[in-house]
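If you want the building blocks of each chain, they are given just below.
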Amino acid sequence: MLDAPLAARLQKEVEGTVLLGAGDRARYATDASIYQVQPLAVVVPKTIADVQAVLALARDGNVPVLPRGGGTSQCGQTVNRAIVLDCTKHLRTILSIDPAARTATVQPGIVLAHLNAALKQHGLFFPVDPSTHLRCTIGGMAANNSCGAKSIRYGLMADNVRAIDAILADGTQHRFGPVADNLGDIPPPIAALIQRLRALGAAEADEIAARFPHQLRRVGGYNIEVLTPRARQEGRENLARLLVGSEGTLAFSAAIELALSPLLPRKMVGICQFPTFRAAMEASRHLVALDPEGVELVDRTMIDLGRGIPIYRKTIDRMLLGEPDSLLLVEFHGYEDGPLLAKMAELDEAMADLGHPGAVVRATDPAFQADIAEVREAGLNIMMSMKGDGKPVSFIEDCAVDLPDLADYTERLNDVFTKHGTKGTWYAHASVGCLHVRPVLNMKDGADVRTMRAVAEECFALVREYKGSHSGEHGDGIVRSEFHESMFGPRIVRAFEAVKDAFDPASLLNPGRVVRPPRMDDRTLFRYPPGYAPDPAFTPVLDWSEQPQSQTGGSRAGLLAAVEMCNNNGTCRKFDAGVMCPSYRITRDEVDLTRGRANTLRLALTGQLGPDAMAGEDVAAAMKLCVSCKACRRECPTGVDMAKMKIEALAARAARHGVGLRDRLVAELPRYARLAALLAPLANLRNRIPMLARLGERVAGLAASRPLPTWRRDWFRDDEADQNGDVLLLADTFNRYFEPENLRAAVRVLRAAGFRPSVATAGGRPLCCGRTYLSAGMVAQARAEAARTLAALAGDRPVVGLEPSCLLTLRDELGSLLPGDASRFLADRSMLIGEFLQRHAPDLALRAIPGKVHVHGHCHQKAFGAFPDALATLRRVPELQVQPIASSCCGMAGAFGYGAETQDASRAMAEAGLLPAVRAAASGDIIVADGISCRHQIADLGGREAVHSIRVIDRALTGRPGR
């Protein structure tokens, strides 16, 4: 890390956040590549002045600086032993939009999707569209010379950047763009720099013409072709183009002027089916002749892995005709349906001419198209969902060749893989001959690391033979910079070095990338260096046997393997996802991101954060704002289940530090709930006497400003249900003692549907799923409660519940607490009331309720795919308009919203989507939320009563007031 004087100066001179701790720095040590390099410090600049201050300090202390966007690099260009500048939190302003000129100027940290959302009202968009568009930043795209699926139409980032307001390493600021012949109006230092660059371009013009691949997808090295006399003669001398693709090694981009394109409002997609991979490759050039926006490959591996991910399964099945080996997604855009339908007919004809009649699935519905786009954009993550140490590794994935050579090149490369005992996964941009290919290798194994290098050398030799480009989209970083000399020749590489030295003579900006790089197989730079292994001193408390590594390393290795499923690609940084990640949405801090938490756990589990790190402060800080929403379990394409992992962290901390009073009060609630309900008038005094509320905050950390749920003396009793019924009703603690009317409504509805609901108990007290204990890290107590519940619910009767967090514990954590067939059988029989009614009560007669209902989905409902059934059940009510609320987590999350130190975060989560929708609802509309936490958050912060969906169904069934 930085020495003490520099660190002190950094904290003094920077207005933004300065992160110096080991855990904070470690969270920035990785990107989506195979590498890990610990930064010296991390700065989250608030202003451009902060950036200037950091550069000044770097000059004085001879310390490198690395500007960073979303940290999703595949090649290692966003990790370095440097001061990392995270531009994504504050430097994300749209500085100007000029619709007439079709330009926009933005700060580097703005996310592409957010920019395009702002441009949509002007009928414009920025057309460079990487698959990471929902989280990648414009600054990162410029640094990387990003491309995307539509590059055949719109070109690369370098083709769409007009100018860059840059800050050089020496502090000089200049707007780099088209260069006038007369340099007299340019400041002398910049004029001298331009003259030096022009001289280099003139000297190397012939070598550039001879050695640079004539490929659209050439992003390797620096774009020095813009420095040649020919470029100047043709009006192409734009020094912004030189900065684009420079990976932060030449300058910091303070503002970027972009060229915009008209937004084509209509789209159609043809999904072409092929019996073999080679047939798809041979067809690519013929389909490109139809002038599509893009042609994207989906191979058999991606089809099979995608089917294994619940959120993609239905979409992929809908995309297929039979069992094809490969798909090509051919996309057309336009203003009217007629011409697009004509294009689709041409596509059908072209496929028939190629010997594949009737082999096109048409996607004309926008919703289906959006689902297809989501699958395509998740290609990398779908590939990385492969379990085990062997993963598709990114190191040759961006090679590009001419379309006529594509089939032969890919076949020969597959032969290389076979020769080395591996196989490759393929996807992406068939339209431009740039396929993302990733051999499956184990980066923990020295032999596979040697195989990686051998495959890279043989692959790049093939690319040179076909006069292709070895770096076609994802840049150079650590993994490809080393190979520039073999691709371009030593003279061009010396020219690259001369450009670096002209801009940054002290090599302060991201050194060792593009020029003078380390070896790509230097294992000291790897995420999994030699000696990497789980800490033998830590033993997990849950079962992790679903991970393959656990067969050789036990539960310890299984937990680590689960954590390692995070590939750092940053899907959790999206803001339009269903729920993930609610804490990051309100803080924009890496520590509060699923990725940040996974990296923290990985480092803790492997001893890189010191001894007993799972119980330490770094892990506690990472988990502080995790609300265990389980969204990552479903929405993370690689299935990182942070809610389950958090239990391990809580248990480790509880074992070392004990359990605090507040956590114990929450954990033990099911045990003392009956007594509290008996003494309801006394138990509820806290909400009526401010002094008691303040005392509760001081003693137990329960926020005095938040009312607690009201205990009910008329709680739900087991004899209100039937004896020995055919359905078991899970009468959870919360609905039983706080809102018993929900359970009574459920009994009436189930009886009306022809069932006899019973309530199971054990040992003379109600059942408990164990969730409250898990939330405090008290796993032994949770396991005891789970065992009692498992025994009481034995048999084959369906188990129906109202509270998502309780019922779905039987489908999730129960199997980790008590692995075995009994838990799996109970999980299969356990359903939320909406799910049960949809599957088993199709003839339930309901009366009309004219009006509108706004429905907020509980996070766990969404995570387990149960929310659609809740909506479908409500839609069975005649004349009732059902409107789901587009919201992330409500922010209450059990007791999270009641914590004195977390209540502000809780409110912010609610304000992110839920509360504005609640306030916008008409006064006569019904608000529905199936989670008791959600209902209290809506009532406390939104001023509206929310009801469980079963009460709406009960009202439609019986005519009783349902709200």
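That block above? That's the structure.
None of the values given here were measured: they were computed from a predicted structure. (Residues numbered from 1 in each chain as written. Predicted model: local features only at pLDDT ≥ 70, side-chain atom pairs only at ≥ 80, totals over all residues. Heavy atoms only, no water.)

**Let's talk about the environment of phenylalanine 716**
- Examined against the element boundaries, phenylalanine 716 turns out to sit in the loop between helix H32 (690–700) and strand S19 (727–730).
- Take phenylalanine 716: its relative accessible area is 0%, and that puts it in the buried class.
- Taking the C-alpha atoms as reference points, phenylalanine 716 and alanine 780, 64 residues apart in sequence, are found 28 Å from one another.
- Leaving out residues up to four positions away in the same chain, phenylalanine 716 has contacts with Ala721, Ala731, Arg736, Pro740, Leu743, Arg744, Val747 and Val759. (Helix = DSSP H or I, 4+ residues; strand = E, 2+ residues; numbered from the N terminus. Buried < 20%, exposed > 50% of the residue type's maximum accessible area, 1.4 Å probe, protein only. Contact = heavy atoms within 4.5 Å.)

**Looking at unusual backbone geometry**
- Residue cysteine 581 is bonded to the preceding methionine 580 through a cis peptide linkage, with omega at -15°.
- Examined against the element boundaries, cysteine 581 turns out to sit in the loop between helix H22 (550–564) and helix H23 (582–587).
- The residue serine 507 is not glycine, and still its phi comes out positive at about 50°.
- Mapped onto the fold, serine 507 is located in the loop between helix H21 (490–503) and H22.
- Residue serine 507 is classed as partly exposed on the basis of its relative accessible area, which comes to 28%.

**Considering a negative patch on the surface**
- A cluster of like negative charges, contributed by Asp365, Asp371, Glu374 and Asp576, occupies part of the molecular surface.
- One can find glutamate 374 in helix H15 (residues 366–377).
- By relative accessible area, which is 32% here, glutamate 374 ends up partly exposed. (Patch = residues over 30% accessible without salt bridge, like charges linked within 9 Å, V, L, I, M, F, W, Y side chains within 5 Å. Areas by Shrake-Rupley, 256 points an atom, 1.4 Å probe, with all protein chains shown as cover. Salt bridge = Lys/Arg side-chain N within 4 Å of Asp/Glu carboxyl O. Lys, Arg positive; Asp, Glu negative; His and termini not counted. Charge placed at Lys NZ, Arg CZ, Asp CG, Glu CD.)

**Considerations on the sheet that holds strand S10 (residues 252–259)**
- Judged by pairing direction, the sheet is antiparallel, and its five strands sit side by side in the order S5-S6-S10-S8-S9 without closing on themselves. Each of the sheet's edge strands pairs with one partner strand only, and the pair in question is strand S5 (94–98) and strand S9 (173–176). Recorded for the sheet is a direction-independent mean angle of 10° between the axes of neighbouring strands.
- Here strand S8 (residues 161–167) runs beside S10; their pairing, made up of six bridges, is antiparallel. Directly across from aspartate 165, in S10, lies its bridge partner alanine 255.
- This element, helix H3 (residues 48–61), spans S8, S9 and S10 of the sheet and lies at about 55° to S8. (Pairing = 2+ DSSP bridges. Axes fitted to C-alpha atoms, helices over the stretch in contact; angles between N-to-C directions.)

**Description of the packing of aromatic side chains**
- Per the stated rule, a full pass over the model turns up 17 aromatic pairs.
- Geometrically, the ring pair formed by tyrosine 409 and tyrosine 466 is edge-to-face, given 6.2 Å between the ring centres and 80° between the ring planes. Taken together, the residues span a long stretch of sequence, with tyrosine 409 in helix H17 (residues 403–419) and tyrosine 466 in the loop between helix H18 (446–465) and helix H19 (477–481) at a distance of 57 residues. This pair shows no difference in class: tyrosine 409 is buried, exactly as tyrosine 466 is.
- The interplanar angle of 45° and the centroid separation of 4.4 Å between the aromatic rings of tryptophan 711 and phenylalanine 738 together place this pair among those described as tilted. (Phe/Tyr/Trp six-rings, centres within 6.5 Å; stacked < 30°, edge-to-face > 60°.)

**Remarks on the packing of helix H12 (residues 300–307) against helix H13 (residues 310–319)**
- At a closest axis distance of 7 Å, the pairing of H12 and H13 adopts a crossing angle of 130°. By the angle between their axes, H12 is oblique relative to H13. Where H12 approaches H13, its residues Met302, Ile303, Gly306 and Arg307 are matched on the opposing element by Tyr312, Arg313, Ile316 and Asp317.
- When its residues are assigned to classes, the contact of H12 with H13 shows four nonpolar, one polar and three charged. (Parallel < 35°, antiparallel > 145°, perpendicular 65-115°, else oblique. Nonpolar A, V, L, I, M, F, W, Y, C, P; charged D, E, K, R; others polar.)

**Thoughts on the pattern of salt bridges**
- Taken as a whole and assessed by the stated rule, the structure comprises 73 salt bridges.
- Its salt-bridge partner being aspartate 812, residue lysine 630 comes within 2.5 Å of it at the nearest N-O pair. With lysine 630 in the loop between helix H25 (617–623) and helix H26 (631–635) and aspartate 812 in the loop between helix H37 (804–807) and helix H38 (813–817), this pair connects stretches of sequence that are 182 residues apart. Aspartate 812 shares its class with lysine 630; the two are buried.
- Its salt-bridge partner being glutamate 835, residue arginine 811 comes within 3.1 Å of it at the nearest N-O pair. In this pair, arginine 811 is assigned in the loop between H37 and H38 and glutamate 835 in helix H40 (residues 833–840), connecting sequence segments 24 residues apart. Like arginine 811, the residue glutamate 835 is buried in the burial classification.
- Among the charged side chains, a network of salt bridges with common partners joins Lys630, Arg633, Asp641, Arg771, Asp812 and Glu813.

**Remarks on the pairing of strand S14 (residues 326–334)**
- Buried residues dominate S14, accounting for eight of its nine residues.
- As paired strands, strand S13 (residues 294–299) and S14 are joined by six bridges and run antiparallel to one another. Across the sheet, residue glycine 294 finds its bridge partner in S14, namely glutamate 331.

**Section: a nonpolar patch on the surface**
- Among the surface-exposed residues, Leu661, Leu665, Ile689, Met691, Leu692, Leu695 and Val699 lie close enough to one another that they form a single nonpolar patch of about 580 Å² accessible area.
- Top contributing element to the nonpolar patch by residue count: H32, with four residues.
- When its relative accessible area of 31% is taken as the criterion, isoleucine 689 is described as partly exposed.

**Describing the side chain of serine 471**
- Checked against the element boundaries, serine 471 lands in the loop between H18 and H19.
- Here the side chain of serine 471 touches glycine 475 through a polar contact of 2.8 Å, landing on its backbone oxygen.
- The contact partners of serine 471, leaving out residues within four places of it in the chain, are Arg217, Arg218, Val219, Gly220, Asp398, Asp476 and Arg480. (Polar contact = N/O pair within 3.5 Å; in protein donor to acceptor, adjacent residues only side chain to side chain.)

**Things to note about the environment of glycine 570**
- Tracing the sequence through the fold places glycine 570 in the loop between H22 and H23.
- For glycine 570, a relative accessible area of 5% gives the class buried.
- With 313 residues separating them in the primary sequence, glycine 570 and glutamate 257 have C-alpha atoms 26 Å apart.
- Contacts of glycine 570, omitting those with residues within four sequence positions, involve Thr72, Arg135 and Arg595.

**Digging into the nonpolar core**
- Core analysis: the biggest nonpolar cluster contains 205 residues, and Ile138, Ile224 and Leu242 have the highest contact counts within it.
- The contact partners of isoleucine 138, leaving out residues within four places of it in the chain, are Val106, Pro108, Ile110, Leu112, Leu115, Phe126, Met157, Ile256 and Leu258. (Core = buried A, V, L, I, M, F, W, Y, C linked by side-chain atoms within 4.5 Å.)

**Digging into the pairing of S19**
- Side chains Val727 and Leu729 of S19 all project onto a buried face; the interleaved residues Leu728 and Leu730 project onto the opposite face, where all are buried too.
- As paired elements, S19 and strand S20 (residues 757–758) share two bridges and run parallel to each other. From the neighbouring strand, valine 727 faces S20, where its bridge partner is proline 757.
- With three bridges connecting them, S19 and strand S23 (residues 799–801) associate as parallel partners. Note on S23: the bridge partner recorded for leucine 729 is valine 800.

**Quick look at helix H43 (residues 903–911)**
- Residues of H43 that are buried: Gln903, Ala905, Ser906, Met909 and Ala910. For H43, the buried positions fall inside an angular range of 160° around the axis, keeping them on one side.
- Check the buried side of H43 and you find it contacts H23, helix H44 (914–920) and helix H45 (932–942). (Arc of directions from axis to C-beta.)

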